[in-house]
Amino acid sequence: MSAVAVESARFKKAQELGKRIRESVDGDAIELPLSTSQRIIARVTDGIYREPWAAFRELCANAYDADATRVVIETGAPEFDQITIRDDGAGMTPETLGYVVENIGGSSKRTTEGPMLHTASDADPDFSPGGRPLIGKIGIGLFAVAQLTQHFQIITKARGEKVRSWATVILKTHNEARLKDGPPGAEFEAGRVQIRSEEVPEAELEAHGTTIILHELRPEIRRLLQSTNMWQAQAELGPNDEPIMPPPAYHIGRRDDEKRGLTHLDPNLPWKDGLEPLERFRELVRVAAETEESSKKGPSLEQLDEYLRSIWKLSLSLPLEYIDRHPFDITGDSGMIFLDVPRTNRRADIVKLAAKETLRDHFGLVSGRTDGVGKFDVEFDGILLRRPIALPEELAVASRLPAPVMMVGSETAPFPETSLDRAGGNLRFEAYLYWNSKISPKDVQGSLIRVREASGTLFDARFADYQVSEQSRLRQITAEIFVLEGLDGAINIDRESFNYSHPHYIYIQKWLHRALRLLANRLKYIAGEDLERERKEQKTQTAEATLQSAYDIWSSRRGADADPPFRQTVTPQLPTTVAEASIVWKREPAPDHVSLAAAISVVLEAYGVLSDLRQDERAELINDLIQVMQTHGIK
């Protein structure tokens with residue numbers, strides 16, 4: 001159909017609808033579905049993600065949804081001429097590949113078409129064939145590559161398929177002027193794709209997986225991964241002849257660039273040659289959480305170049321294992337203080353776990369459990385990624401609190417059946433809030449929301465706009481919220497932000513703020529108990545020192561062999577000469593006065609003062625001396 005014919009058909013449809021609207025005066029309302037313009041897809045194919053790591057995240061999420069257990073990314077650093085992403089997932093049949101390239105924005109996942117195309121479980125289209133909760137939903141993950149390049153290839157094969165399919169895609173850049181200058185009714189063409197297939201040998205019949213090859217990366221993406229802007233800023237001097245931006249401590253090196261005035265620099269990576277892939281990642285996490293002695297700032301990703309930061313951010317966003325262990329697998333013998341998140345605003349109670357009991361078992365938590373497929377590993381240029389979050393069992397620096405604090409809770413939002421459509425369905429999540437005297441690096445301070453084990457956002461240091469002034473304490477907290485059901489509708493199309501007016505987001509926000517308030521109150525209470533305990537210890541030490549001073553005077557007056565008038569104890573008691581006459585005191589002696597009265601009694605007896613007095617006079621004398629000292633300000 002020609003563009004003019006398309007325009008004519010659209011105009012006729014609009015005329016018909018306009019006539020119906022005119023005729024509906026005082027009649028029944030007209031109800032019809034809303035339509036979506038292809039201009040939306042046009043903008044999607046331009047790239048909707050802010051940084052390269054986000055594009056890698058979407059491609060890895062696609063592999064996860066395809067039940068892959070391993071993804072290998074090779075970037076060709078530091079040149080970045082070509083990037084390859086390989087996975088051992090289910091792969092695509094020719095039918096599935098055809099559906100993907102002809103239905104951008106129309107994902108088969110979580111639909112009735114999913115089981116037919118083998119992209120979803122027969123039992124529940126919300127899950128992969130292997131039983132994983134599907135991350136993808138909209139069907140634009142493949143076009144994450146538009147952020148990186150306009151030319152890429154997809155090579156894929158499903159288990160049991162006799163052919164391997166190749167799709168070569170050339171994307172077009174959206175241009176609004178074309179719509180204004182082009183013929184009426186012209187549709188935007190996102191790009192062109194060429195698909196061919198090859199028959200595989202019998203030995204490869206059971207092979208499966210997908211490979212994506214990115215050719216001719218956009219120049220700005222190459223410069224970003226090479227940290228060109230960072231190095232340029234470092235070369236510029238400020239008012240005090242100091243670099244505007246300090247150089248990154250760890251980097252993949254710098255290339256000669258005469259145009260930008262940059263010279264060659266050898267790489268300084270966090271790891272040494274020969275380390276295993278996982279140990280390389282551990283070293284990356286270690287240097288991100290440490291501060292050089294000469295640095296005035298706390299540990300952060302500022303010590304890394306853009307390439308290394310991208311690896312760290314990518315690892316934070318994916319459904320991977322933790323660098324240490326899942327927070328819910330912490331056991332009762334860790335030495336931490338455990339709290340629950342109560343259903344009401346009552347005080348958060350301390351929870352006692354058995355020595356080997358995990359938080360997961362105690363609270364019945366499911367986040368982080370192994371799914372039916374098994375592990376999911378991502379290797380990035382020879383670095384095996386893990387979630388870069390470690391929760392130490394010891395305090396980072398001395399504090400009034402005796403140990404780190406872990407608050408755990410779970411919630412099922414009670415949306416009434418009548419409001420489920422408006423709310424976007426049910427909402428169910430689990431969460432933890434971890435406090436330590438110092439959180440390193442600062443990039444994990446705040447809250448992170450994971451939807452179906454993945455996250456497009458980084459840690460939010462403002463805890464979803466928490467308004468209470470707790471700046472120092474908030475810098476000591478890291479929190480993760482694992483959404484098991486719901487919140488999908490609140491995720492914006494770039495998967496890097498939320499619709500803050502969505503009922504699910506609002507519910508989680510209020511829950512988090514209440515949990516923060518309860519945690520802060522409990523931390524203050526525990527710290528107050530420690531302060532009171534310290535004060536008591538100080539009083540005991542002062543009492544013992546006071547009494548010892550009195551005994552020294554006794555010994556100097558009466559001799560070292562002379563027995564004192566009463567026995568010294570750790571908690572000094574009132575001497576007999578005073579205790580017997582205490583009934584004549586003006587008031588019951590305070591605990592502090594007991595030790596003071598004992599010391600005074602010893603000194604007076606050392607000088608023989610009390611011996612010549614009656615019992616009531618002795619008590620009166622000591623009472624009067626204490627009152628005089630109080631009047632003078634001596635407590």
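Scroll up a little and you will see the structure.
Residues numbered from 1 in each chain as written. Predicted model: local features only at pLDDT ≥ 70, side-chain atom pairs only at ≥ 80, totals over all residues. Heavy atoms only, no water.

**Q** Describe the pattern of salt bridges, naming the residues involved and giving the relevant values.
**A** Under the definition given, this model contains 28 salt bridges. Of the charged contacts in the structure, one is a salt bridge between E496 and R57, with a shortest N-O distance of 3.9 Å. You can see E496 sitting in the loop between β14 (477–485) and α14 (503–558) and its partner R57 sitting in helix α3 (residues 52–65), a full 439 residues away along the chain. Residue E496 is classed as buried on the basis of its relative accessible area, which comes to 12%. Close ionic contact of D488 with R452 constitutes a salt bridge, the shortest N to O distance being 3.6 Å. Residue D488 is found in the loop between β14 and α14, and its partner R452 is found in the loop between β13 (446–451) and α13 (471–474); the two are separated by 36 residues along the sequence. In this pair, the class of D488 matches that of R452, namely buried. Through salt bridges with shared partners, one network takes in E321, K375, D377 and R386. (Salt bridge = Lys/Arg side-chain N within 4 Å of Asp/Glu carboxyl O. Helix = DSSP H or I, 4+ residues; strand = E, 2+ residues; numbered from the N terminus. Buried < 20%, exposed > 50% of the residue type's maximum accessible area, 1.4 Å probe, protein only.)

**Q** Let's hear about the packing of aromatic side chains: which residues, and what values?
**A** The full count for this structure, using the stated rule, is 11 aromatic pairs. Note on F429 and Y507: the rings are 6.5 Å apart at their centroids and 70 degrees apart in plane angle, and the pair reads as edge-to-face. With F429 in strand β12 (residues 428–435) and Y507 in helix α14, this pair connects stretches of sequence that are 78 residues apart. On the basis of an interplanar angle of 35 degrees and a centroid distance of 6.3 Å, the ring pair of Y432 and F482 is categorised as tilted. On the criterion of sequence distance, the pair formed by Y432 in strand β12 and F482 in strand β14 is long-range, its members being 50 residues apart. Across the pair, exposure class does not vary: Y432 and F482 are buried alike. (Phe/Tyr/Trp six-rings, centres within 6.5 Å; stacked < 30°, edge-to-face > 60°.)

**Q** Account for empty space enclosed by the protein, with residues named and values stated.
**A** Using the criterion set out here, one finds three cavities of 30 Å³ or more in the structure. Taken as a whole, the largest cavity holds about 130 Å³ of empty space. Lining the largest cavity are 18 residues, and of these A454, S455, G456, I491 and R495 sit closest to its centre. Take the lining of the largest cavity: its biggest share by element is three residues, from α3. Its residues placed into classes, the lining of the largest cavity shows nine nonpolar, five polar and four charged. (1 Å grid on protein atoms, 1.4 Å probe; cavity = no way out; pocket = protein on both sides within 12 Å on 5 of 7 lines; lining within 4 Å. Points joined across faces, edges and corners; volume = space filled by probe spheres on them. Nonpolar A, V, L, I, M, F, W, Y, C, P; charged D, E, K, R; others polar.)

**Q** Just give me the short version of the sheet that holds strand β11 (residues 405–412), but keep the residues and values in it.
**A** Here we have six strands laid out as an open sheet, ordered β8-β7-β11-β12-β14-β13, and mixed in their pairing. At either end of the open sheet lies a strand with only one pairing partner, and these are β8 (350–351) and β13. As defined by bridge partners, β12 adjoins β14 across eight bridges and the pair is classed as antiparallel. The residue of β14 that forms the bridge with W435 is I477. (Pairing = 2+ DSSP bridges.)

**Q** Explain the sheet that holds strand β2 (residues 82–87) residue by residue, including any values.
**A** Pairing within the open sheet is mixed, and its eight strands lie in the order β5-β4-β3-β6-β2-β1-β9-β10. Since the sheet does not close on itself, it has two edges, and those belong to β5 (191–199) and β10 (383–384), each with one partner. Pairing of strand β9 (residues 377–380) with β10, which is carried by two bridges, proceeds in the antiparallel orientation. When the bridges of β10 are listed, F380 appears paired with I383. The strands that α3 touches are β1 (70–74), β2, β6 (209–215) and β9; relative to β1, the one it contacts most, it runs at about 150 degrees. (Contact = heavy atoms within 4.5 Å. Axes fitted to C-alpha atoms, helices over the stretch in contact; angles between N-to-C directions.)

**Q** Describe the packing of α3 against helix α10 (residues 306–317), with residues and values.
**A** Viewed as axis vectors pointing N to C, α3 and α10 meet at an angle of 35 degrees, and their least axial separation amounts to 9 Å. Where α3 crosses over α10, the two elements pack in a sense that is right-handed. Within the contact between the two elements, α3 uses W53, F56 and R57 and α10 uses S310, K313, L314 and S317. Partitioning the contact of α3 with α10 into residue classes produces three nonpolar, two polar and two charged. (Left-handed = near helix turned anticlockwise from the far one by under 90°.)

**Q** Give me the lowdown on the packing of helix α9 (residues 277–288) against α10, citing residues and values where you can.
**A** Direction vectors running N to C along α9 and α10 enclose 105 degrees, while the axes themselves pass 11 Å from each other. Relative to α10, the element α9 lies roughly perpendicular. Where α9 abuts α10, its residues F281, L284 and A288 lie against L308, I311, W312 and S315. Here the contact of α9 with α10 is composed, by residue class, of six nonpolar, one polar and no charged. (Parallel < 35°, antiparallel > 145°, perpendicular 65-115°, else oblique.)

**Q** Can you tell me about helix α8 (residues 228–235), naming the residues and giving the values?
**A** Every buried residue of α8 is listed here: T228, M230, W231, A233 and Q234. Those residues of α8 hidden inside the fold are in contact with α7 (219–225) and α10.

**Q** I'd like a description of the environment of R514, backed by residues and values.
**A** Mapped onto the elements, R514 comes out in helix α14. Setting aside chain neighbours within four positions, we find R514 in contact with V341, P342, R343, T344 and N345.

**Q** Explain the side chain of T457 to me, and be specific about the residues and the numbers.
**A** If you trace the backbone, T457 turns up in the loop between β13 and α13. Taking relative accessible area as the criterion, T457 reaches 15% and is therefore assigned buried. Those residues in contact with T457 that sit more than four places away from it in its chain are L448, I449, R495, E496, S497 and F498.

These values are about where atoms sit, not about what they do.
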